[in-house]
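# Report on the structure
Here is how the chains run, residue by residue.
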Amino acid sequence: MKRRDVIKGLAATAGVFSWQPRVFAFGQDKDAKQKASFAMPIRGLMRRDGKQVQPIQITVDAQAASAECITRVDQQEVDRRTLSAGAQTFLVYTDAVSAARKAVVTCECGGKSQSAEIQIEPVRKVQIYVLPHSHHDLGYTDLQANVVEKQMANITRGIEAARNTASYPEGARFIWNLEVLWGADQYMRRKSQAERDELVDAIRKGWIGINGMYANELTGLCRPEELVQLFRFGNELGRQCGVPVNSAMISDVPGYTWGTVTAMVQAGIRYFSAAPNFFDRIGDFMVAWQDRPFWWVSPSGKEKVLFWVPWTGYAMSHIMKLDTEWVSKYQARLDEVSFPYEISYIRWSGHGDNAVPDPEICEFIKKWNAEYEWPQFTIARTGDAFAAFEKRYGSQIPERKGDLTPYWEDGAGSSAVETSLSRMAAERITQASTLAAMLAPKAYVSADFHEAWRNVLLYSEHTWGAWNSVSDSENPFVTKQWQVKRQFALDADSQSKKLLESVLQAYASGADSSAIDIHNSNSWPRTDVVLLSKEMSAGKDHVKSAHGASVPSQRLSTGELAFLAEDVPAFGSARYHLSAGKPHKAGKKVAVHEGVLDNDLLRVRLDSKTGDIVELVHGGTGRNLIDTSQSSAANQYLYLEGKDISKLQTSGAVQISMEEPGPLVATLRIESSAPGCNSLVRRVSLKAHADWVEMSNVLDKKRVPLNPHPGEGNQGGEFAQHESKESVQFAFPFAVDGGQIHVDIPLGVMRPEIDQLPGSCKNWLPVGRWVDVANGERGVTWATLDAPLIEVGEVSATMLGSQTHPEIWRKHIEPTQKFYSWAINNHWGTNYRAYQQGIIEFRYAVRPHAGYNAAEASRFATGLSQPLVASNAGIVSPSAMKLRVTPEDVLVQECMRSADGNAWIVRLFGASGEDRTAEIAWEGNESIKISRSNLSEEPLEPAGKQVSIGGLELITLRIETND
């Protein structure tokens, strides 16, 4: 099915023709009236006999040959000619106008006269840049393998079109923009050396424009380093070609996480062309930002990119033709939004998604530019168009600081298992890279790490499946696409595990089977319970530290051995010895009794009837941090069929049992029935030393009913749009008076409503690792490992199927201390999954604390997603990284060996949100050379051992040592 047919079907069902987005309404009534007339003004400036004139297109039907035709404008003759028989079209000219005016055009032809009143509009002296590209949907309208072949072929066609028009006047020569780069990546992997050389040469000539994003990404799903890796290949390709990559495109996707700015600047990108879907599930994003360019400022306030959404997003060529009528319509649209600039741009993505290059635009632009002085058209690379705009208007456009909260990330809830696998794979890749630097640098094979990152990125890419994924879910066309999409997550999971295993195997000597090393891949000291597998700890329940002190341990019901690893140093390891003795019981213990867990630091109580958490008391405060008003509770299961929130259901009667009795780890198991599930098993755990409580919610999910008439109605039919829709939430209401919610996002932190720019999604918000609710005295940090979406204050994710009207979306988020983890949904009518079934786990943790501390929240949540790692005892390589960074609220996000092998690449993040000076130390080496760097790993300006870092700023360092 062609993309325009897909759009048409969706739009008709969703009412896009009964409610026309304002983007399409501009000038249409006026154009329709004038199109019906024999006289149509063309909104262009020509020069005739030394003066500027505006043409009027005349269309007449001469009844006989040699008919004399006289045309008058406001009774003044402007043209006289003899026509042959039949329909004729020609131009007449009138003086250029500086303000709109009405005119009466009369045409006498063969004894017959006709007259019409027209409106002559002043011509905008605007330079319009045209950016040709193909929208990269990795699937949807075709199988992924076929799409890859299409996009590789498009590169060849783009080069050919550029070669064929190389002699055209400047501005009319074809240029092919690589919208995103997975197609070019495959081209460079699969094509012959001659073809690869041809692409490199075309890029150097400016025939092909590189845009830096690897894929049309759901940026709100990205982990911090994943967001940076999104731009890595663009940097590599640019270096290979000797061409700087200063621009990025994204298409179809509405909304982008705030840290995208930070990641772009790391990659040297200054210009961001964002072209969303033009009508479906986009809220009021297009209303807010269409043709309103601005400088988008990063969370730190220290970086910015020029952000610009063109008219109709990327879909203009899907619904319009580049002709004289379009030129008038485009200027009418600029008038109606009071566009103040004399430079503009449009996207031209061919006739559908994954479309072939459209060199016909060269013919129109060549002819138009030769005949008309204004407007003028220039086919361009993204960076060139934006640079021209910046040169003239860069100091005049506004700066905006905030999150453009994205919309389409909700689809990740349609495949919760795979989403979790990809999230954890990203964390594991980061850990493996750091552990390789710490322990065995030779185990870092960059190609293997890049391949793992590629699979993570392609899972977060916006194309989830086929256009008929909901209406005909068992069709082989659908299931084959889902198999490919799912495999990205499975491969990322397996590759990340292999990367970690290869590092630990390279490190472990195996000389002493009773010795275990615990590794801390974080930049701050860690204390936590470590779990050893049954196989690694068989018959050995007693644990001692390297100094011979017994360590608290406990054999769990799973067969694993839990023991407490205390004060494992930053980027360091601690050795422990296992023996056959009994577990050592510590002075600090966790007790469990009648639904209560208590370790003196925390008291957690479950409701005996529901299994929900109804009490969370921190230390001796006696203050319950769970809001139990209106029968609410924490970790409460909620199930919604359809969208009527008055019909929210909760889990059934519970059986609560003690699964782990302590004294080191205590776990209560809560089993119940649950709507939408075969069963629900929740576990609430508390450790003896811990000031946080952990939850594991395991659903045995039932499959919702499938379309009883597969294929009927397609993606716009009633079933796909409204039937069998469901969602699962877990509630987290906190009793923190006046508490402000802060949401962790990749490379930033945002406050709902306060930090959201106009056009942002407020029905749901993506979340990275944590949410914090705090006032000046107390608060709680909530961490999520698997589920990336929340609803703030209310269950507001009720937007089923296609949603085209901007006014129906949530406009405000009122102050609140309650939110919901939106764990599962199948709300879309296309692209995403129709159902889920089987075992799905959602893990959370809650930590009470004093006042808000963003760095503390980050350390807590990162520690859960990047836990202490156990291995057999080994020997650290002499060439290993010996880095130490203080203070602790400057977090090391990533460290690895540089691609050239001559340095270490370290990324620092100002997690506190406040300016800091980071102290860089290298144990045993005072002669290190530290430079600021970037994604290209280049040494920029010297940094020294004291590095100033702003709040929420990301800095890349290149550290050269003599080791």
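Being a predicted model, the structure only gives us computed values, none of them experimental. (Residues numbered from 1 in each chain as written. Predicted model: local features only at pLDDT ≥ 70, side-chain atom pairs only at ≥ 80, totals over all residues. Heavy atoms only, no water.)

Glancing now at the sheet that holds strand β14 (residues 294-297). Overall, mixed pairing links the five strands, which are arranged β12-β13-β15-β14-β18 in an open sheet. The open sheet is flanked by β12 (247-252) and β18 (399-401), the only strands paired with a single partner. Geometrically, the sheet is characterised by an average inter-axis angle of 30° between neighbouring strands, direction not taken into account. As paired strands, β14 and strand β15 (residues 304-308) are joined by four bridges and run antiparallel to one another. Each residue of the ladder has a partner; that of Val-297, found in β15, is Lys-304. Those strands touched by helix α14 (residues 382-393) are β12, β13 (271-276), β14 and β15, and its axis lies near 110° from that of β13. (Pairing = 2+ DSSP bridges. Helix = DSSP H or I, 4+ residues; strand = E, 2+ residues; numbered from the N terminus. Axes fitted to C-alpha atoms, helices over the stretch in contact; angles between N-to-C directions. Contact = heavy atoms within 4.5 Å.)

So, on to unusual backbone geometry. Residue Trp-374 is joined to Pro-375 through a cis peptide bond whose omega torsion reads -15°. Position of Pro-375 among the secondary structure elements: in the loop between α13 (360-371) and β17 (376-379). Note the cis peptide between Thr-886 and Pro-887, where omega equals 0°. With respect to the helices, strands and loops of the structure, Pro-887 is situated in the loop between β46 (883-886) and β47 (890-897). The residue Asp-49 is not glycine, and still its phi comes out positive at about 55°. Along the chain, Asp-49 falls in the loop between β2 (46-48) and β3 (51-62).

For Gln-505, the position within the fold is in helix α17 (residues 476-507). Counting along the chain gives 92 residues from Gln-505 to Leu-597, while the straight-line C-alpha distance between them is 38 Å.

Our next topic: the UniProt feature "domain: Glycoside hydrolase family 38 N-terminal" (unreviewed entry) in the protein chain. Residues annotated in UniProt with the feature "domain: Glycoside hydrolase family 38 N-terminal" (unreviewed entry) correspond here to residues 127-407. Helix makes up 40% of residues 127-407 and strand 16%. Its end C-alpha atoms lie 32 Å apart. (UniProt positions renumbered as here; feature names shortened; annotations may be inferred.)

Strand order across the open sheet formed by six strands is β31-β30-β36-β43-β42-β39, with antiparallel pairing between neighbours. Both edges of this open sheet fall to β31 (649-650) and β39 (765-766), since each of them pairs with a single strand only. Where strand β36 (residues 726-733) and strand β43 (residues 818-825) come together, seven bridges link them in antiparallel fashion. Within β43, the residue paired with Phe-730 across the bridge is Ser-821.

Let's shift gears to the packing of helix α15 (residues 416-439) against α17. It is at 8 Å that the axes of α15 and α17 come closest, and there the two elements cross at 25°. As judged from the angle between their axes, α15 and α17 are roughly parallel. By crossing handedness, the relation of α15 to α17 is classed as left-handed. Looking at the contact of α15 with α17 residue by residue, the class counts come to 16 nonpolar, one polar and five charged. (Parallel < 35°, antiparallel > 145°, perpendicular 65-115°, else oblique. Left-handed = near helix turned anticlockwise from the far one by under 90°. Nonpolar A, V, L, I, M, F, W, Y, C, P; charged D, E, K, R; others polar.)

Let's shift gears to helix α4 (residues 144-164). When the terminal C-alpha atoms of α4 are compared, their 30 Å separation across 21 residues agrees well with the 30 Å that a helix rising 1.5 Å per residue should span. Where α4 is concerned, the buried positions are Gln-144, Val-147, Val-148, Gln-151, Met-152, Asn-154, Ile-155, Gly-158, Ile-159, Ala-161 and Ala-162. For α4, the elements touching its buried residues are β10 (176-178), α5 (182-190), α6 (193-205), β11 (208-210) and α17. (Expected span 1.5 Å × (residues − 1). Buried < 20%, exposed > 50% of the residue type's maximum accessible area, 1.4 Å probe, protein only.)

A one-sided burial pattern is seen for β46, the buried positions being Leu-883 and Val-885 and the unburied ones Arg-884 and Thr-886. Both β46 and strand β49 (residues 916-922) contribute to a ladder of four bridges, which runs antiparallel. Considered in β49, the bridge of Leu-883 is made with Trp-922.

What follows deals with the UniProt feature "domain: Glycosyl hydrolase family 38 C-terminal" (unreviewed entry) in the protein chain. Feature annotation in UniProt places "domain: Glycosyl hydrolase family 38 C-terminal" (unreviewed entry) on residues 597-781, given in this structure's numbering. In this annotation, residues 597-781 is assigned 3% helix and 45% strand; the end-to-end C-alpha distance for the span is 19 Å.

What follows concerns the pattern of salt bridges. Overall, the coordinates contain 58 salt bridges when judged by the stated rule. Arg-190 is paired through a salt bridge with Glu-149; the nearest N and O atoms lie 3.3 Å apart. Of this pair, Arg-190 sits in helix α5 while Glu-149 sits in helix α4, and the two are 41 residues apart along the sequence. The exposure class of Arg-190 is partly exposed, given its relative accessible area of 46%. Among the ionic pairs, Arg-454 bridges to Glu-451, the shortest N-O distance being 3.5 Å. You can see Arg-454 and its partner Glu-451 sitting in helix α16 (residues 446-460), three residues apart, about one turn around the helix. (Salt bridge = Lys/Arg side-chain N within 4 Å of Asp/Glu carboxyl O.)

Among the nonpolar cores identified, the biggest contains 205 residues, and Phe-231, Tyr-256, Phe-272, Trp-296, Phe-307, Trp-326 and Phe-842 are the most heavily contacted of them. By residue number, the principal contributor to this core is α4, which donates seven residues. Grouped together as the second largest cluster of nonpolar side chains are 46 residues, Trp-453, Leu-500, Leu-883 and Val-906 included. (Core = buried A, V, L, I, M, F, W, Y, C linked by side-chain atoms within 4.5 Å.)

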